[in-house]
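Summary of structural features
Chain residues, written in single-letter form:
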Amino acid sequence: MNTNGGLPFEGPIEELRKQLMEAEQNNDHSAEAEEHIRQLTKELTRVTKDIYENLSAWETVRVARHKHRPQTSNYLDLVFDEFVELHGDRLFGDDRAIRTGFAKLDQFKVLVVGHQKGQNLAERNECFFGCAHPEGYRKALAKMKLGAKYGMPIICLIDTPGAYPGIGAEERGQAQAIAENMYEMSRLTVPIICVIIGEGGSGGALGVGIGNRVAMLEHSYYSVISPEGCAGILWKSPAFAEQAAKSLRFTSKDLPQFGVVDDVIKEPLGGAHRDHYRMAARLKLYLVKTLRELVAESPEQLVQNRYDKFRQMGEFLEINLHGENDGD
(Lines give C-alpha, C1' and ligand atoms only; values in the text may rest on other atoms or scores of the structure.)
Protein backbone atom coordinates (compact mmCIF):
# COMPACT_ATOMS: atom_id res chain seq x y z
CA MET A 1 0.00 0.00 0.00
CA ASN A 2 1.39 3.37 -1.01
CA THR A 3 1.53 5.59 2.07
CA ASN A 4 3.26 8.65 0.63
CA GLY A 5 2.49 11.81 2.56
CA GLY A 6 3.38 10.37 5.94
CA LEU A 7 2.23 11.85 9.21
CA PRO A 8 4.50 14.23 11.17
CA PHE A 9 5.26 11.74 13.95
CA GLU A 10 6.29 9.08 11.41
CA GLY A 11 9.66 10.73 10.66
CA PRO A 12 11.77 7.94 12.26
CA ILE A 13 9.72 5.31 10.43
CA GLU A 14 10.16 6.96 7.04
CA GLU A 15 13.91 7.41 7.60
CA LEU A 16 14.34 3.71 8.36
CA ARG A 17 12.19 2.78 5.38
CA LYS A 18 14.43 4.90 3.15
CA GLN A 19 17.57 3.24 4.52
CA LEU A 20 16.04 -0.23 4.07
CA MET A 21 15.01 0.53 0.49
CA GLU A 22 18.49 1.78 -0.37
CA ALA A 23 20.10 -1.30 1.19
CA GLU A 24 17.80 -3.64 -0.77
CA GLN A 25 18.51 -1.82 -4.04
CA ASN A 26 22.29 -2.10 -3.70
CA ASN A 27 22.24 -5.66 -5.09
CA ASP A 28 24.91 -6.58 -2.57
CA HIS A 29 24.36 -10.21 -1.61
CA SER A 30 27.23 -10.52 0.83
CA ALA A 31 26.61 -11.85 4.32
CA GLU A 32 27.29 -8.42 5.80
CA ALA A 33 24.74 -6.75 3.52
CA GLU A 34 22.09 -9.37 4.27
CA GLU A 35 22.68 -8.96 8.00
CA HIS A 36 22.42 -5.18 7.67
CA ILE A 37 19.03 -5.56 5.93
CA ARG A 38 17.83 -7.92 8.68
CA GLN A 39 18.88 -5.44 11.36
CA LEU A 40 17.18 -2.54 9.57
CA THR A 41 13.99 -4.60 9.22
CA LYS A 42 13.99 -5.45 12.92
CA GLU A 43 14.64 -1.85 13.87
CA LEU A 44 11.87 -0.63 11.57
CA THR A 45 9.41 -3.03 13.17
CA ARG A 46 10.49 -2.01 16.68
CA VAL A 47 10.28 1.72 16.00
CA THR A 48 6.92 1.45 14.24
CA LYS A 49 5.46 -0.61 17.07
CA ASP A 50 6.81 1.78 19.70
CA ILE A 51 5.38 4.85 17.97
CA TYR A 52 1.95 3.37 17.26
CA GLU A 53 1.54 1.90 20.72
CA ASN A 54 2.12 5.33 22.26
CA LEU A 55 0.08 7.63 20.02
CA SER A 56 -1.43 10.69 21.64
CA ALA A 57 -5.15 11.33 21.16
CA TRP A 58 -4.46 13.94 18.48
CA GLU A 59 -2.05 11.62 16.66
CA THR A 60 -4.78 8.97 16.70
CA VAL A 61 -7.11 11.46 15.01
CA ARG A 62 -4.47 12.04 12.34
CA VAL A 63 -4.22 8.30 11.71
CA ALA A 64 -8.02 7.93 11.62
CA ARG A 65 -8.10 10.62 8.91
CA HIS A 66 -5.20 9.24 6.85
CA LYS A 67 -5.96 9.63 3.16
CA HIS A 68 -5.01 5.99 2.47
CA ARG A 69 -7.02 4.52 5.36
CA PRO A 70 -9.46 1.88 4.06
CA GLN A 71 -13.02 3.13 3.72
CA THR A 72 -16.40 1.41 3.41
CA SER A 73 -15.90 0.88 -0.34
CA ASN A 74 -12.62 -0.96 0.34
CA TYR A 75 -14.23 -3.23 2.92
CA LEU A 76 -17.16 -3.93 0.58
CA ASP A 77 -14.62 -5.34 -1.88
CA LEU A 78 -12.40 -7.16 0.61
CA VAL A 79 -14.76 -8.38 3.35
CA PHE A 80 -18.13 -8.97 1.69
CA ASP A 81 -19.28 -10.90 -1.38
CA GLU A 82 -22.04 -10.17 -3.89
CA PHE A 83 -22.71 -6.63 -2.69
CA VAL A 84 -25.84 -5.16 -4.30
CA GLU A 85 -26.14 -1.43 -3.64
CA LEU A 86 -29.47 0.17 -2.75
CA HIS A 87 -30.06 3.86 -3.43
CA GLY A 88 -32.28 6.71 -2.33
CA ASP A 89 -34.52 7.59 0.61
CA ARG A 90 -37.77 7.78 -1.42
CA LEU A 91 -38.23 11.34 -0.19
CA PHE A 92 -35.47 13.60 -1.49
CA GLY A 93 -32.48 11.93 -3.12
CA ASP A 94 -29.50 9.59 -2.88
CA ASP A 95 -26.86 10.77 -0.41
CA ARG A 96 -23.47 9.40 -1.50
CA ALA A 97 -22.01 9.94 1.97
CA ILE A 98 -23.78 6.74 3.03
CA ARG A 99 -23.71 3.48 1.08
CA THR A 100 -26.21 0.73 1.71
CA GLY A 101 -26.91 -2.67 0.22
CA PHE A 102 -27.29 -6.42 0.54
CA ALA A 103 -24.18 -8.60 0.77
CA LYS A 104 -22.91 -12.00 1.86
CA LEU A 105 -20.51 -12.49 4.75
CA ASP A 106 -19.44 -16.14 4.79
CA GLN A 107 -22.71 -18.02 5.37
CA PHE A 108 -24.64 -14.91 6.42
CA LYS A 109 -26.79 -12.70 4.22
CA VAL A 110 -26.49 -9.19 5.67
CA LEU A 111 -27.52 -5.59 5.13
CA VAL A 112 -24.51 -3.25 5.09
CA VAL A 113 -24.60 0.47 5.92
CA GLY A 114 -21.43 2.54 5.82
CA HIS A 115 -20.15 6.09 5.59
CA GLN A 116 -18.12 6.88 2.49
CA LYS A 117 -15.64 9.79 2.38
CA GLY A 118 -14.32 9.34 -1.15
CA GLN A 119 -10.91 8.30 -2.44
CA ASN A 120 -10.03 11.48 -4.35
CA LEU A 121 -11.10 15.12 -4.37
CA ALA A 122 -13.93 14.62 -6.85
CA GLU A 123 -15.35 11.69 -4.86
CA ARG A 124 -14.89 13.53 -1.56
CA ASN A 125 -16.87 16.49 -2.85
CA GLU A 126 -19.57 14.13 -4.09
CA CYS A 127 -19.65 12.39 -0.70
CA PHE A 128 -19.38 15.62 1.30
CA PHE A 129 -16.25 14.15 2.96
CA GLY A 130 -18.40 11.55 4.71
CA CYS A 131 -20.83 14.05 6.25
CA ALA A 132 -24.33 12.74 5.57
CA HIS A 133 -27.47 14.81 5.00
CA PRO A 134 -30.92 13.85 6.38
CA GLU A 135 -31.64 11.88 3.20
CA GLY A 136 -28.57 9.77 3.96
CA TYR A 137 -29.87 8.78 7.37
CA ARG A 138 -33.37 8.20 6.00
CA LYS A 139 -31.87 6.00 3.29
CA ALA A 140 -29.94 4.03 5.91
CA LEU A 141 -33.03 3.52 8.05
CA ALA A 142 -35.24 2.49 5.13
CA LYS A 143 -32.72 -0.12 4.03
CA MET A 144 -32.16 -1.37 7.60
CA LYS A 145 -35.91 -1.88 7.98
CA LEU A 146 -35.94 -3.73 4.66
CA GLY A 147 -33.12 -5.99 5.83
CA ALA A 148 -34.86 -6.61 9.16
CA LYS A 149 -38.05 -7.53 7.33
CA TYR A 150 -36.20 -10.47 5.80
CA GLY A 151 -34.32 -11.36 8.99
CA MET A 152 -30.93 -10.09 7.80
CA PRO A 153 -28.31 -9.01 10.36
CA ILE A 154 -27.16 -5.40 9.94
CA ILE A 155 -23.53 -4.29 9.70
CA CYS A 156 -22.79 -0.56 10.15
CA LEU A 157 -19.35 0.82 9.26
CA ILE A 158 -18.90 4.28 10.79
CA ASP A 159 -16.45 6.83 9.42
CA THR A 160 -17.56 10.45 9.65
CA PRO A 161 -16.43 13.65 11.36
CA GLY A 162 -20.12 14.42 11.89
CA ALA A 163 -23.42 14.99 10.11
CA TYR A 164 -23.42 17.66 7.40
CA PRO A 165 -23.67 21.07 9.14
CA GLY A 166 -25.18 23.10 6.29
CA ILE A 167 -28.39 25.14 6.26
CA GLY A 168 -30.06 22.83 3.74
CA ALA A 169 -29.49 19.80 5.96
CA GLU A 170 -31.02 21.60 8.93
CA GLU A 171 -33.99 22.74 6.86
CA ARG A 172 -34.64 19.14 5.80
CA GLY A 173 -34.63 17.86 9.39
CA GLN A 174 -31.11 16.70 10.22
CA ALA A 175 -31.68 16.35 13.98
CA GLN A 176 -35.03 14.61 13.50
CA ALA A 177 -33.55 12.13 11.02
CA ILE A 178 -30.72 11.17 13.38
CA ALA A 179 -33.06 10.90 16.38
CA GLU A 180 -35.49 8.73 14.44
CA ASN A 181 -32.66 6.43 13.33
CA MET A 182 -31.52 5.94 16.91
CA TYR A 183 -35.07 5.22 18.06
CA GLU A 184 -35.88 2.79 15.25
CA MET A 185 -32.51 0.99 15.41
CA SER A 186 -33.12 0.28 19.09
CA ARG A 187 -36.27 -1.66 18.11
CA LEU A 188 -35.07 -3.73 15.14
CA THR A 189 -35.36 -7.46 15.87
CA VAL A 190 -32.18 -8.57 14.07
CA PRO A 191 -28.53 -8.52 15.19
CA ILE A 192 -26.81 -5.16 14.64
CA ILE A 193 -23.02 -4.78 14.70
CA CYS A 194 -21.49 -1.29 14.51
CA VAL A 195 -17.78 -0.75 13.85
CA ILE A 196 -16.00 2.61 13.88
CA ILE A 197 -13.45 2.19 11.09
CA GLY A 198 -12.04 5.74 11.15
CA GLU A 199 -13.74 8.80 12.56
CA GLY A 200 -16.79 8.42 14.79
CA GLY A 201 -17.90 11.99 15.22
CA SER A 202 -21.01 13.36 16.91
CA GLY A 203 -24.60 12.55 15.89
CA GLY A 204 -23.31 11.70 12.46
CA ALA A 205 -21.92 8.49 13.95
CA LEU A 206 -24.78 7.86 16.37
CA GLY A 207 -27.28 7.98 13.51
CA VAL A 208 -26.10 4.49 12.48
CA GLY A 209 -24.43 3.51 15.76
CA ILE A 210 -27.06 1.73 17.88
CA GLY A 211 -25.98 -1.90 17.89
CA ASN A 212 -25.88 -5.07 19.94
CA ARG A 213 -22.11 -4.85 19.59
CA VAL A 214 -20.17 -1.65 19.08
CA ALA A 215 -16.51 -2.09 18.16
CA MET A 216 -13.77 0.22 16.94
CA LEU A 217 -10.52 -0.20 15.09
CA GLU A 218 -7.42 0.35 17.21
CA HIS A 219 -6.52 3.74 15.74
CA SER A 220 -10.00 5.17 15.28
CA TYR A 221 -11.87 7.54 17.57
CA TYR A 222 -15.49 7.84 18.77
CA SER A 223 -16.66 11.11 20.25
CA VAL A 224 -19.59 13.40 20.97
CA ILE A 225 -17.84 16.04 18.86
CA SER A 226 -14.77 16.45 16.67
CA PRO A 227 -11.65 17.94 18.32
CA GLU A 228 -11.92 21.07 16.18
CA GLY A 229 -15.59 21.51 17.07
CA CYS A 230 -14.86 21.09 20.77
CA ALA A 231 -11.98 23.57 20.60
CA GLY A 232 -14.16 26.06 18.77
CA ILE A 233 -16.80 25.91 21.52
CA LEU A 234 -14.57 25.83 24.60
CA TRP A 235 -11.56 27.87 23.45
CA LYS A 236 -13.14 29.80 20.55
CA SER A 237 -10.40 28.57 18.24
CA PRO A 238 -9.66 25.31 16.37
CA ALA A 239 -5.99 25.90 17.23
CA PHE A 240 -6.70 24.10 20.52
CA ALA A 241 -7.84 20.90 18.76
CA GLU A 242 -4.91 18.88 20.15
CA GLN A 243 -5.76 19.90 23.72
CA ALA A 244 -9.44 19.12 23.09
CA ALA A 245 -8.56 15.66 21.74
CA LYS A 246 -6.66 14.84 24.91
CA SER A 247 -9.52 16.00 27.13
CA LEU A 248 -12.25 14.13 25.24
CA ARG A 249 -10.70 10.69 25.93
CA PHE A 250 -12.20 9.18 22.81
CA THR A 251 -9.59 6.63 21.71
CA SER A 252 -9.59 2.84 21.96
CA LYS A 253 -7.46 3.15 25.11
CA ASP A 254 -10.28 4.95 26.95
CA LEU A 255 -13.66 3.93 25.60
CA PRO A 256 -13.76 0.22 26.59
CA GLN A 257 -13.37 1.10 30.26
CA PHE A 258 -16.28 3.53 29.95
CA GLY A 259 -18.48 0.82 28.44
CA VAL A 260 -18.96 2.84 25.25
CA VAL A 261 -17.44 0.17 22.98
CA ASP A 262 -17.42 -3.58 23.48
CA ASP A 263 -14.38 -4.58 21.46
CA VAL A 264 -11.24 -3.11 19.90
CA ILE A 265 -10.04 -4.65 16.63
CA LYS A 266 -6.26 -4.53 16.41
CA GLU A 267 -4.81 -2.91 13.31
CA PRO A 268 -1.78 -4.09 11.30
CA LEU A 269 1.59 -2.71 12.36
CA GLY A 270 1.71 0.98 11.47
CA GLY A 271 -2.06 1.36 11.02
CA ALA A 272 -4.78 0.06 8.70
CA HIS A 273 -3.57 2.35 5.88
CA ARG A 274 -0.41 0.26 5.54
CA ASP A 275 -2.16 -3.06 4.88
CA HIS A 276 -5.76 -3.01 3.65
CA TYR A 277 -5.89 -6.76 3.13
CA ARG A 278 -4.76 -7.71 6.62
CA MET A 279 -7.10 -5.13 8.18
CA ALA A 280 -10.00 -6.47 6.14
CA ALA A 281 -9.20 -10.03 7.21
CA ARG A 282 -9.24 -9.01 10.88
CA LEU A 283 -12.50 -7.12 10.48
CA LYS A 284 -14.12 -10.07 8.71
CA LEU A 285 -12.98 -12.46 11.43
CA TYR A 286 -14.53 -10.22 14.08
CA LEU A 287 -17.81 -9.78 12.21
CA VAL A 288 -18.29 -13.49 11.52
CA LYS A 289 -17.41 -14.48 15.09
CA THR A 290 -19.78 -11.89 16.56
CA LEU A 291 -22.62 -12.77 14.18
CA ARG A 292 -22.38 -16.41 15.20
CA GLU A 293 -22.89 -15.35 18.80
CA LEU A 294 -25.76 -12.95 18.09
CA VAL A 295 -27.84 -15.13 15.75
CA ALA A 296 -28.29 -17.56 18.65
CA GLU A 297 -30.32 -14.92 20.53
CA SER A 298 -34.07 -14.52 20.07
CA PRO A 299 -35.46 -11.28 18.57
CA GLU A 300 -36.76 -10.32 22.01
CA GLN A 301 -33.34 -10.89 23.57
CA LEU A 302 -31.62 -8.82 20.88
CA VAL A 303 -33.89 -5.84 21.47
CA GLN A 304 -33.72 -6.07 25.28
CA ASN A 305 -29.95 -6.53 25.37
CA ARG A 306 -29.46 -3.57 23.02
CA TYR A 307 -31.69 -1.42 25.21
CA ASP A 308 -29.91 -2.48 28.41
CA LYS A 309 -26.50 -1.88 26.85
CA PHE A 310 -27.15 1.78 26.16
CA ARG A 311 -29.10 2.42 29.35
CA GLN A 312 -26.15 1.22 31.42
CA MET A 313 -23.59 3.57 29.84
CA GLY A 314 -22.12 6.31 31.99
CA GLU A 315 -22.02 6.96 35.71
CA PHE A 316 -24.86 8.70 37.44
CA LEU A 317 -26.49 9.17 40.84
CA GLU A 318 -30.21 9.09 41.52
CA ILE A 319 -31.57 11.29 44.30
CA ASN A 320 -35.10 11.10 45.63
CA LEU A 321 -36.03 14.77 46.09
CA HIS A 322 -39.23 13.82 47.90
CA GLY A 323 -37.74 11.30 50.29
CA GLU A 324 -39.27 13.00 53.29
CA ASN A 325 -42.72 12.11 51.93
CA ASP A 326 -42.03 8.44 51.22
CA GLY A 327 -44.15 7.36 54.14
CA ASP A 328 -47.22 9.40 53.09
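The sections below set out a description of the structure shown in this document. Only a predicted model underlies this, so the values are computations on that prediction, with no experimental measurement involved. (Residues numbered from 1 in each chain as written. Predicted model: local features only at pLDDT ≥ 70, side-chain atom pairs only at ≥ 80, totals over all residues. Heavy atoms only, no water.)

1. A look at the overall build of the chain
For the chain, the count of helices and strands is 14 helices and eight strands. A principal-axis box enclosing the C-alpha atoms of the chain has dimensions of 90 × 50 × 40 Å. The proportion of buried residues among the 328 residues of the chain is 48%. Here the chain contributes 39 positive and 47 negative side-chain charges, whose respective centroids are spaced 3 Å apart. (Helix = DSSP H or I, 4+ residues; strand = E, 2+ residues; numbered from the N terminus. Buried < 20%, exposed > 50% of the residue type's maximum accessible area, 1.4 Å probe, protein only. Lys, Arg positive; Asp, Glu negative; His and termini not counted. Charge placed at Lys NZ, Arg CZ, Asp CG, Glu CD.)

2. Focus on unusual backbone geometry
Backbone geometry places Glu82, a non-glycine residue, at a positive phi of 55°. Among the structural elements, Glu82 can be located in strand E1 (residues 81–86).

3. Quick notes on the packing of aromatic side chains
The full count for this structure, using the stated rule, is four aromatic pairs. Considering the side-chain rings of Tyr221 and Phe250, the 4.7 Å spacing of their centres and the 35° angle between planes classify their relative orientation as tilted. Residue Tyr221 is located in strand E7 (residues 221–223), and its partner Phe250 is located in the loop between helix H11 (241–248) and helix H12 (255–258); the two are separated by 29 residues in the primary sequence. The same class applies to Tyr221 and to Phe250, which are both buried. Aromatic pair Trp235 and Phe240: ring centres 5.8 Å apart, planes at 15°, arrangement stacked. Over the ring of Phe92 we find Arg172, and its NZ or CZ is 4.3 Å from the ring centre. A cation sits over an aromatic face here: Lys309 above Phe310, 5.7 Å from the ring centre. (Phe/Tyr/Trp six-rings, centres within 6.5 Å; stacked < 30°, edge-to-face > 60°. Lys NZ or Arg CZ within 6 Å of the ring centre and 35° of its normal.)

4. Looking at the pattern of salt bridges
Inspection of the entire model under this criterion finds 24 salt bridges. With a closest N to O distance of 3.7 Å, Asp275 and Arg278 form a salt bridge. Here Asp275 falls in the partly exposed class, since its relative accessible area comes to 23%. If you follow the salt bridges from partner to partner, you end up with Glu85, Asp94, Arg96, Arg99, Glu126 and Lys139 in one network. (Salt bridge = Lys/Arg side-chain N within 4 Å of Asp/Glu carboxyl O.)

5. Points about the side chain of Arg99
With respect to the helices and strands, the residue Arg99 is situated in strand E2 (residues 98–105). Within the structure, the side chain of Arg99 is placed 2.8 Å from the side chain of Glu85, a separation counted as a polar contact. Among residues more than four places away in sequence, those in contact with Arg99 are Ser73, Leu76, Phe83, Glu85, Val112, Val113, Gly114 and Gln116. (Polar contact = N/O pair within 3.5 Å; in protein donor to acceptor, adjacent residues only side chain to side chain. Contact = heavy atoms within 4.5 Å.)

6. Details of the nonpolar core
Residues Val113, Tyr137, Met144, Ile154, Cys156, Val208 and Tyr222 are the most contacted members of the largest nonpolar core, which totals 29 residues. Elements supplying a minimum of two residues to this core: strand E3 (108–115), helix H6 (134–149), strand E4 (154–160), helix H8 (174–185), strand E5 (192–201) and strand E6 (213–217). For this core, the element with the most residues is H6, which contributes four residues. If near-sequence neighbours (up to four positions away) are discounted, Met144 is found in contact with Leu111, Val113, Ile154, Cys156, Asn181, Met185 and Leu188. Grouped together as the second largest cluster of nonpolar side chains are 27 residues, Leu76, Phe80, Val110 and Ile265 included. (Core = buried A, V, L, I, M, F, W, Y, C linked by side-chain atoms within 4.5 Å.)

7. Considerations on a nonpolar patch on the surface
On the surface, Leu317, Ile319 and Leu321 cluster together into a nonpolar patch covering about 400 Å² of accessible area. Within the fold, Ile319 resides in the segment after helix H14 (299–311). (Patch = residues over 30% accessible without salt bridge, like charges linked within 9 Å, V, L, I, M, F, W, Y side chains within 5 Å. Areas by Shrake-Rupley, 256 points an atom, 1.4 Å probe, with all protein chains shown as cover.)

8. Observations regarding the pairing of E4
Of all the seven residues making up E4, seven are buried; the element is thus mostly covered by neighbouring parts of the structure. Residues Ile154, Cys156, Ile158 and Thr160 point to one face of E4 and Ile155, Leu157 and Asp159 to the other, with burial holding for every one of them. Two elements, E3 and E4, share four bridges in a ladder whose sense is parallel. Across the sheet, residue Leu111 finds its bridge partner in E4, namely Ile154. Where E4 lies against E5, six bridges are found, and the strand directions are parallel. Within the sheet, the bridge partner assigned to Leu157 lies in E5 and is Val195. (Pairing = 2+ DSSP bridges.)

9. Some details on the side chain of Thr72
Among the structural elements, Thr72 can be located in helix H4 (residues 72–78). There is a polar contact of 2.6 Å between the side chain of Thr72 and the backbone oxygen of His115. Beyond its immediate stretch of four places on either side in the chain, Thr72 contacts Gly114, His115, Gln116, Leu157 and Ile197.

10. Describing the environment of Gly88
The residue Gly88 is located in the loop between E1 and E2 in this model. On the basis of relative accessible area, Gly88 is assigned to the buried category, the value being 12%. When the C-alpha atoms of Gly88 and Asn320 are compared, they prove to be 48 Å apart, with 232 residues separating the residues in sequence. Gly88 has contacts with Gly93, Asp94, Lys139 and Lys143, leaving out every residue within four places of it along the chain.

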